[in-house]
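# Observations on the model geometry
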Amino acid sequence: MAHPRPDPRTVAPAVRRRGAHPGSVLRYIILTGMAVLLAGPLVWQLSLSLKGAGEPLYTQPPKLIPEHPTLEHFSEVLHRIPVGHYLLNSLTVAAMAVVGNVVGATCAGYALGKLRFRGRGVAAMICVAALLVPAETVLISQFLLIRSAGLVNTLFGVVVPTLVAALNVLLMRNAFSNLPKEFEEAAIVDGANAWQRFIRVSVPQVKGVITVVAIFAFVGSWNDFLWPLITLSDEDKYTLTVGLNRLRGTFYDDPRLIAAGTIIALVPIVIFFALLQRYFFRGLESGGLKG
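Anyway, here's the lowdown on the structure attached to this text. Since the structure is predicted, the reported quantities are computational estimates derived from the model, not experimental observations.

### Side note on the overall build of the protein chain
Within the protein chain one finds 14 helices and 0 strands. Counted from the first residue to the last, the protein chain has its helices and strands arranged as α-α-α-α-α-α-α-α-α-α-α-α-α-α. Out of the 291 residues belonging to the protein chain, those deemed buried represent 35%. Partitioning the contacts of the protein chain with sequence separation of at least 6, the portion at a separation of at least 24 is 74%. Total accessible area computed for the protein chain in this model is approximately 18,200 Å², and 67% of it derives from carbon and sulfur atoms.

See below:
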C-alpha cells in the first residue's frame, strides 16, 4: 500500500521550527563573546599563577594550560607578606561598609521612597549628582576632611567615604517606591508609626535588594585600592589590596607572584557571593532595580 507523499509546503516550516533560529544563534554568539571578555582576564591570571618558573608566559598563541602546574607561587606570597593580617584588615573594612550601607542606605531609601517631607526631591537629585562626579576629583577634599577628623591612618577612615553609597541609596529608594501603597495604608489604619511600618512592613518586602546592596558594598570596599593607599601609612594597617603591592619589586616583577596574590584576594569575594547568590538574583528579579 503506497503512502501519500507529504506536502513540501507543510514540511518546510516544521523543519525551520526544529532548526536553530537566527536570533538565538546571534544571542549565543553575543553571550559567548561577553563571557570571554569578562572571564578571560581571570582565567589568564589563574593560568599565570599556576605556571612553573621555567615556563614561557607570553607565547603566541597563548597557552592557558600550564605544562608543569605548581602551587609554589601561592606559598611564596604567603611567605613574603602577612596575608592573614591584611586579610583581617580588609574583612574589618568590608564588614563596616556592609553594615553601614545596609542600615544607612535602607533608612535613607525608605525616607526618600515612602515618606513625604520638604526637600525630598532635592535629596534624591543630590544622590544622582553624586554618581556623576568621578571619585578621583574629590580625593583631596575627602582626605582633608578625614585628616581634620583625626581619622588618617585608621581603618574607619578608610570606610567613611563609602559608609553610605549614593548608588545603594537609590537602589533602596526604588525598591521601596515599587512596593504597593496598600501595605502602608493598612499599617496606618492599624495604628503603626513610621518606624513600625519601616521595620515590620516594608523591610521584609525588600530583603533581596538589601542583599544586592550588601554585595555591592562588600565588593566595592574589598577591591578599593587608591583610597586606602592614600589614607593608610602604617604597613600593619594595610588592607589586602594595598598589601599585595609589596609583591612588586623595584627592579624586577614576577607576574606569577602578582597573579597568585590576585587569586588569593579574589577568594573571599567568591565565597561571599556564593553564600548570597540566591538572595542576590532574587533581589534582581523582584523589580527593586527598576527605575
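So much for the structure itself; the text now carries on.
### Quick notes on the environment of Ala-194
Looking at where Ala-194 falls in the secondary structure, it is placed in helix α10 (residues 194-202). For Ala-194, a relative accessible area of 31% puts it in the partly exposed group. For the pair Ala-194 and Tyr-110, spaced 84 residues apart in sequence, the C-alpha separation works out to 9.9 Å.

### So, the side chain of Glu-184
With respect to the helices, strands and loops of the structure, Glu-184 is situated in helix α9 (residues 181-189). What makes Glu-184 buried here is its relative accessible area of 9%. Among the polar contacts listed, one links the side chain of Glu-184 to the side chain of Ser-202, at a separation of 3.0 Å. Not counting residues up to four positions away in its chain, the partners in contact with Glu-184 are Tyr-110, Lys-114, Arg-197 and Ser-202.

About the cut-offs
For every chain, the first residue of the written sequence is number 1, and numbering continues from 1 along that sequence. This being a predicted model, a pLDDT of at least 70 is required before a residue's local features are given, and a value of 80 or more before pairs of side-chain atoms are given or counted; all residues contribute to the totals for chains, interfaces and linings. Where side-chain values are given, they derive from all heavy atoms of the structure, hydrogens and water being excluded. Note on conventions: DSSP H or I runs of at least 4 residues are helices, E runs of at least 2 residues are strands, and numbering of each starts at the N terminus. Exposure classes here rest on a 1.4 Å probe applied to the protein chains alone. A residue is buried below 20% of its type maximum, exposed above 50%, and partly exposed in between. Any two residues having at least one pair of non-hydrogen atoms within 4.5 Å are treated as being in contact. Residue burial considers only the protein chains on display, and all accessible areas are found by Shrake-Rupley using a 1.4 Å probe. Two N or O atoms form a polar contact when they lie within 3.5 Å of each other; inside protein one atom must be a possible hydrogen donor and the other a possible acceptor, and for residues adjacent in sequence the pair counts only when both atoms belong to side chains.

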